[in-house]
Amino acid sequence: QVQLVESGGGLVQPGGSLRLSCAASGATSGFTSSSSIMAWYRQAPGKSRELVAQMASGGNTNYVDSVKGRFTISRDNAKNTVYLRMNSLKLEDTAAYSCYVSRWGLDYWGQGTQVTVSS
């Protein structure tokens with residue numbers, strides 16, 4: 001069974017950078033390349049879940065305004081992995097980040113990884 005496993009979260013100072021990884025554990029070759037949507041969400045305490053970045057199968061990407069120019073979503077199909085590169089991190093970026101994949105009409109969610117931006 002396919003499971004999405006995130007990694008790369010941690011504590012970082014404002015202005016710092018992190019790269020989150022989302023690996024499709026147990027997936028066959030071509031899992032990410034054949035996925036309709038790959039995305040990253042985040043949720044901070046007391047707030048609703050927010051879509052921060054997504055990539056369609058054709059490679060088109062979309063970002064929430066607050067992260068445009070700072071975050072980049074990408075994938076490595078050879079590794080069945082989705083990435084979120086986060087630069088110039090701000091305090092308001094603090095949240096639990098989860099990856100999401102839609103493939104063959106099914107939804108896959110990771111358990112999440114915590115990103116804390118603090119001075």
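See the structure printed just above.
Source: prediction; values computed, not measured. For every chain, the first residue of the written sequence is number 1, and numbering continues from 1 along that sequence. Predicted model: local features are reported for residues with pLDDT of at least 70 only, side-chain atom pairs are reported and counted for 80 or more only, and whole-chain, interface and lining totals are derived from all residues. Heavy atoms from the whole structure form the basis of all side-chain values; hydrogens and water molecules are not counted.

1. Concerning the state of the cysteines
Here, a disulfide means two cysteine sulfur atoms that sit within 2.5 Å of each other. Tallied over the full model, the rule gives one disulfide. Disulfide partner of Cys 22: Cys 99, at an S-S distance of 1.9 Å. Because the sign of the S-S torsion sets the handedness, a value of about 55 degrees for the bond joining Cys 22 and Cys 99 places this disulfide among the right-handed ones. Of this pair, Cys 22 sits in strand E3 (residues 18-25) while Cys 99 sits in strand E9 (residues 95-103), and the two are 77 residues apart along the sequence. Under the scheme applied here, a residue whose accessible area is under 20% of the maximum for its type counts as buried, over 50% as exposed, and between as partly exposed, the area being computed with a 1.4 Å probe on protein chains only. A relative accessible area of 1% places Cys 99 in the buried class. Helix and strand assignments come from DSSP, with helices taken as H or I runs of at least 4 residues and strands as E runs of at least 2, each series counted from the N terminus.

2. Here's the deal with the side chain of Ser 98
Summarising the element assignment, Ser 98 is placed in strand E9. Taking the relative accessible area as the measure of exposure, Ser 98 reaches 15% and is therefore buried. When residues no more than four places from it in sequence are discounted, the contact partners of Ser 98 are Glu 6, Ala 39, Trp 40, Tyr 41, Trp 109, Gly 110, Gln 111 and Gly 112. Residue contacts follow a heavy-atom distance rule, with two residues in contact if any of their heavy atoms lie within 4.5 Å.

3. Section: the sheet that holds E3
Strands sit in the order E1-E3-E8-E7 across an open sheet of four strands; the sheet is antiparallel. Looking along the sheet, the strands with just one partner apiece sit at the ends: strand E1 (3-7) and strand E7 (71-76). When the angles between neighbouring strand axes are averaged without regard to direction, this sheet yields 15 degrees. The sheet contact formed by E3 and strand E8 (residues 81-86) spans six bridges and is antiparallel. Paired with Cys 22 across the strands is Val 82, a residue of E8. Paired strands, in this sense, are two strands between which DSSP finds at least two bridges. An axis is simply a line fitted to the C-alpha atoms; with a helix, the fit covers only the stretch in contact. Between two such axes, the angle follows the N-to-C directions and lies from 0 to 180 degrees.

4. Describing the pattern of salt bridges
Oppositely charged side chains may form a pair once their charged atoms are brought near each other. Any Lys or Arg side-chain nitrogen located within 4 Å of an Asp or Glu carboxyl oxygen qualifies as a salt bridge. Considering all chains together, one arrives at four salt bridges under this definition. Across the salt bridge formed by Arg 42 and Asp 93, the nearest N and O atoms sit 3.0 Å from each other. Of this pair, Arg 42 sits in strand E4 (residues 37-43) while Asp 93 sits in the loop between E8 and E9, and the two are 51 residues apart along the sequence. A relative accessible area of 7% means that Arg 42 is categorised as buried. The salt bridge involving Asp 65 is made with Lys 68; its shortest N-O contact spans 3.0 Å.

5. Section: the packing of aromatic side chains
Aromatic contacts are taken between Phe, Tyr and Trp rings whose centres are within 6.5 Å, Trp giving its six-membered ring; a plane angle under 30 degrees counts as stacked, one over 60 as edge-to-face, and the others as tilted. Enumeration over the complete set of coordinates arrives at four aromatic pairs. Measuring from ring centre to ring centre gives 5.3 Å for Phe 31 and Tyr 108, while their planes differ by 80 degrees; the resulting arrangement is edge-to-face. With Phe 31 in the loop between E3 and E4 and Tyr 108 in strand E10 (residues 106-109), this residue pair connects regions lying 77 residues apart in the sequence. For the pair Phe 31 and Tyr 108, a shared accessibility class is recorded, and that class is buried. Taking the centre distance of 5.0 Å and the plane angle of 50 degrees together, the rings of Tyr 41 and Trp 109 count as tilted. Highlighted residues: Tyr 41 in strand E4 and Trp 109 in strand E10, separated in sequence by 68 residues. Trp 109 sits in the partly exposed class, given a relative accessible area of 35%. Across the ring face of Trp 109, the terminal group of Arg 49 is positioned such that the distance to the ring centre comes to 4.4 Å. Only Lys NZ and Arg CZ are tested; either one counts as a charge over a ring when it is within 6 Å of the ring centre and within 35 degrees of the ring normal.

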